[in-house]
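The residues making up each chain are set out below.
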Amino acid sequence: MRTVRYTSSSDGTSLAWSKSGNGLPMVKAANWLTHLSYDLDSPIWSHWIEMLESQFTLVRYDERGCGLSDKRVENLGIDYWVDDLEAVIDAAEINEPFYLLGVSQGAATSIAYSLMYPDRVAGMILVGGYARGSNHRGPVAAKNYKTVIDIFRLGWENDNPAFQDVFTSRFLPGAAVEQRSWFTDLCQKTVLPETGADLLMARADVNVESLLPKVSVPTLVIHSRNDQVIPFEEGQRLAQKIPGATMSALEGKNHIIQRDEPAWRAFSKSLLEFTSSGQTTDFNDLTKREQDVLRLICQAMSSKEIANSLQMSEKTVRNHTSKIYAKLELQNRQHAIRTYGHLF
């Protein structure tokens, strides 16, 4: 049940959050940009939510200034973002150690929170994240980022699609036009122009690098090598400076990993192996042919369509399907899609 609920941060800001799925608890720290309702049907975030809900009890929320949370806010910055995360976790009443998922700016928030409450955090997964905002990466990075903010202001204040596409294409340079168009619409629906620009500026001032050597929770860093928003080197800094952290480098350039790119399967596999919640070991026990059949099942193909695609008889497909269900302890096609669809 994806019910939207509300809580308040320490300064009174209203925060919209939801809790759904089954399994070990995972809390996703807020990042640019989300909307608890629109994300469920989006080509940008829906596959993330489906995968995480299939494996975890997922808690997510819209950050202050965005989505269903308070749209007009004055207080921004890492201290307020950590307060927001803490407020949502308390409201969700999680009574056991949970995993923290920090995407982009959410990585810095997660890092700061983990130092405050290490006993609450079973582990952190930092995806496309950073410890240093653009203003702390040298004058060139700071200047380039200011240009990005100017483009955002011009695009959204004047409703200029040319400037809007320049801004959003950085997040999804390898995505289809439909996906980029949806992300542009999300920006328009979820944040006011002036608030969006203020949020971007606040991100530039983030600097939690001094906290990295103090992190004591298990940490996995995942970063695309050609990320157009957060340089791969920033992910490497996280992995190098957090004690015991491991890193998974993805081949891709989208800041938000999409279902139809090879990086998605690598991302899912790394995350599930780190949390020990996935079925990846059982999946690898399948034969190559059984993996092919499962892949097409998860693409909602019928037995006849699978037979035609793999050039085998329908009876053979049914035999493979029975073996797959037995090996993976699956009940039916829907169970297979729900459990393994994120891998394809």
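Residues numbered from 1 in each chain as written. Predicted model: local features only at pLDDT ≥ 70, side-chain atom pairs only at ≥ 80, totals over all residues. Heavy atoms only, no water.

Enquirer: I keep staring at helix H1 (residues 46-55) and nothing clicks. Help me out?
Expert: What sets the pattern is the α-helix's 3.6 residues per turn: residues three or four places apart point alike. Where burial is concerned, most of H1 is hidden: eight out of the ten residues are buried. Buried within H1 we find Ser-46, His-47, Trp-48, Ile-49, Met-51, Leu-52, Glu-53 and Gln-55. (Buried < 20%, exposed > 50% of the residue type's maximum accessible area, 1.4 Å probe, protein only. Helix = DSSP H or I, 4+ residues; strand = E, 2+ residues; numbered from the N terminus.)

Enquirer: How should I be thinking about the sheet that holds strand E1 (residues 4-8) in this particular structure?
Expert: Strand pairing in a sheet is mediated by backbone hydrogen bonds. Such pairs are either parallel or antiparallel. Across the sheet, which stays open at both edges, the eight strands sit in the order E1-E2-E4-E3-E5-E6-E7-E8 with mixed pairing between neighbours. Looking at the sheet topology across the chains shown, the edges are occupied by E1 and strand E8 (246-250). Pairwise comparison of adjacent strand axes, ignoring direction, gives a mean angle of 20° for this sheet. Two elements, strand E3 (residues 24-28) and strand E4 (residues 56-61), share five bridges in a ladder whose sense is parallel. Across the sheet, the residue bridging to Leu-24 is Phe-56, located in E4. (Pairing = 2+ DSSP bridges. Axes fitted to C-alpha atoms, helices over the stretch in contact; angles between N-to-C directions.)

Enquirer: I tried to follow the pattern of salt bridges on my own but got confused; where do I start?
Expert: Under the criterion given, the structure shown has 18 salt bridges. Among the salt bridges present, the one from Arg-120 reaches Asp-90, with a minimum N-O distance of 3.3 Å. Remark: Asp-90 occurs in helix H2 (residues 78-92) and Arg-120 occurs in the loop between helix H3 (106-116) and strand E6 (121-127); sequence separation between them is 30 residues. For the salt bridge of Asp-292 with Lys-288, the shortest nitrogen-to-oxygen distance reads 3.0 Å. With Asp-292 and Lys-288 both in helix H11 (residues 288-298), this residue pair falls four residues apart, about one helical turn. Using a relative accessible area of 58% as the deciding quantity, one classes Lys-288 as exposed. Look at the salt bridges and you will find they share partners, linking Lys-288, Arg-289, Asp-292 and Arg-295 into a network. (Salt bridge = Lys/Arg side-chain N within 4 Å of Asp/Glu carboxyl O.)

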